[in-house]
Amino acid sequence: MTDTTDRQLHVIAGKGPVGSSTADLLAAAGHRVRVLSRSGGTTTDAVEHVALDVSDAAAVRRATEGADVVYNCLNPEYHRWATDWPPLAAALLDAAEAAGSVYVIMGNLYGYGPVDGPIAEDHPLAATGTKGRVRVQMWTDALARHRDGRVRVTEARASDFFGPRVVDGGYLGERAVPRLLAGRRPQVIGDPSQPHSWTYIPDVARALVRLGADERAWGRAWHVPTVPARSMQQMVDDLCDTAGVDRVRVATMPWPLVRAMGLVVPFMRELKETHHQFVRPFVLDSSDYVRTFGEGPTPPADQYAATIGWWRDRLGAAVPTTVAA
């Protein structure tokens, strides 16, 4: 029987692309990993799954007892952030404090609001939209407890996710990759020619693990290592070249149509707050993380190859994966 007395316990709330990728990385490093989610999952020798409502503070406290690190990788339904995030964030923050754990939050760039030029971590959190204010409050509450010496906290912030496991909610997920593999045009909201930062999911997981273990990370937020910005059209071109298929042009959904759809589709209604991210340059600066930890993003060619390979496995596509010359 394997001795587990010196293995750290890492508890991850959420089993989406970020939570699952982080769990795999921690398990591969030999840690004990417990994943909390509403629906649970199949427990293996590497990862334990626990089904619970993460807004249930008492249940979360029991599930995180003895944890060395607690990761908040949750993502409530887009149109319910204002109601769902506060109890979820409070339960996890309280649990991390009670357990004496490091608390790592998976964040995003909403809290900055519209920004001219590259976004660095020292940019003011000036969001005026509902979702941005929710994220700002979550970080403000956690940071206040850190400064009071009650819990060690840090936050990883990323731009739009890209890569294996990114299916729902990603512009470069199911809305794009299956379509381009089939020779069909992806459709986006906004201007597909604008520079945009795309953060690779395995780099997100690696950053979360780093931030939970390195004392230099605690007490502030960090931007996940991200390659130089590429427009949506450039990303689609790169993915087509990697897949060895003909390039396709990205189609644009007119904004009046988006507004009209928002009358009946809650998700579409919520896109108004982040519309600026897709009609003007939206560029993340992660140079501070790279300088501090000496760890940069995965090379773009490797990102594209892994993403195309993952989607082909998922779709059962027969076309071989090749990197275009």
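Residues numbered from 1 in each chain as written. Predicted model: local features only at pLDDT ≥ 70, side-chain atom pairs only at ≥ 80, totals over all residues. Heavy atoms only, no water.

Caption draft 1: Spatial organisation of the layout of surface pockets. As a volume, the largest pocket reaches approximately 1400 Å³. Lining the largest pocket are 48 residues, with L74, N75, P76, W81 and F161 sitting closest to its centre. Contributions of two or more residues to the lining of the largest pocket are made by α1 (17-28), α3 (81-99), β5 (102-107) and β7 (160-162). When the residues that make up the lining of the largest pocket are grouped by side-chain class, the tally is 23 nonpolar, 14 polar and 11 charged. Space inside the second largest pocket adds up to approximately 160 Å³. Together, P86, A89, A90, L93, Y103, I105, V134, Q137, M138, D141, A142 and R145 line the second largest pocket. Top element by residues in the lining of the second largest pocket is helix α4 (residues 130-147). It accounts for 6 residues. Looking at side-chain class alone, the lining of the second largest pocket contains 9 nonpolar, 1 polar and 2 charged residues. (1 Å grid on protein atoms, 1.4 Å probe; cavity = no way out; pocket = protein on both sides within 12 Å on 5 of 7 lines; lining within 4 Å. Points joined across faces, edges and corners; volume = space filled by probe spheres on them. Helix = DSSP H or I, 4+ residues; strand = E, 2+ residues; numbered from the N terminus. Nonpolar A, V, L, I, M, F, W, Y, C, P; charged D, E, K, R; others polar.)

Caption draft 2: Seen up close, the packing of aromatic side chains. All chains considered together, the criterion is met by 10 aromatic pairs. Consider the rings of F162 and Y200, whose centres lie 6.1 Å apart with planes at 45°: the pair is tilted. Residue F162 is found in strand β7, and its partner Y200 is found in strand β9 (residues 198-200); the two are separated by 38 residues along the sequence. For F162, a relative accessible area of 0% gives the class buried. You can call Y200 buried: its relative accessible area is 5%. Seen from their ring centres, W310 and W311 are 5.1 Å apart, and the 90° between their planes marks the pair as edge-to-face. For W311, a relative accessible area of 2% corresponds to the buried category. An aromatic cluster of at least three residues, connected via ring pairs, comprises Y78, W81 and Y110. Between K131 and the ring centre of Y78, over which it is positioned, the NZ or CZ distance is 5.0 Å. For R175, the ring lying beneath its charged end belongs to Y171, and the centroid distance is 5.2 Å. (Phe/Tyr/Trp six-rings, centres within 6.5 Å; stacked < 30°, edge-to-face > 60°. Buried < 20%, exposed > 50% of the residue type's maximum accessible area, 1.4 Å probe, protein only. Lys NZ or Arg CZ within 6 Å of the ring centre and 35° of its normal.)

Caption draft 3: Here's a closer look at empty space enclosed by the protein. Evaluated as defined, the whole model comprises 2 cavities of 30 Å³ or more. For the largest cavity, the calculated volume is near 80 Å³. D191, P192, H196, M232 and F278 are, among the 13 residues lining the largest cavity, the residues nearest its centre. Each residue belonging to the lining of the largest cavity can be placed in one class, and the counts come to 7 nonpolar, 5 polar and 1 charged. If you add up the space inside the second largest cavity, you get close to 40 Å³. If you trace the second largest cavity, you find it lined by N108, G111, L125, R135, V136, W139, E155 and R157. Among the elements of the structure, α4 and β6 (152-157) are those that each provide at least two residues to the lining of the second largest cavity. Residue contributions to the lining of the second largest cavity peak at 3 residues, all from α4. Residue composition of the lining of the second largest cavity, by class: 3 nonpolar, 2 polar and 3 charged.

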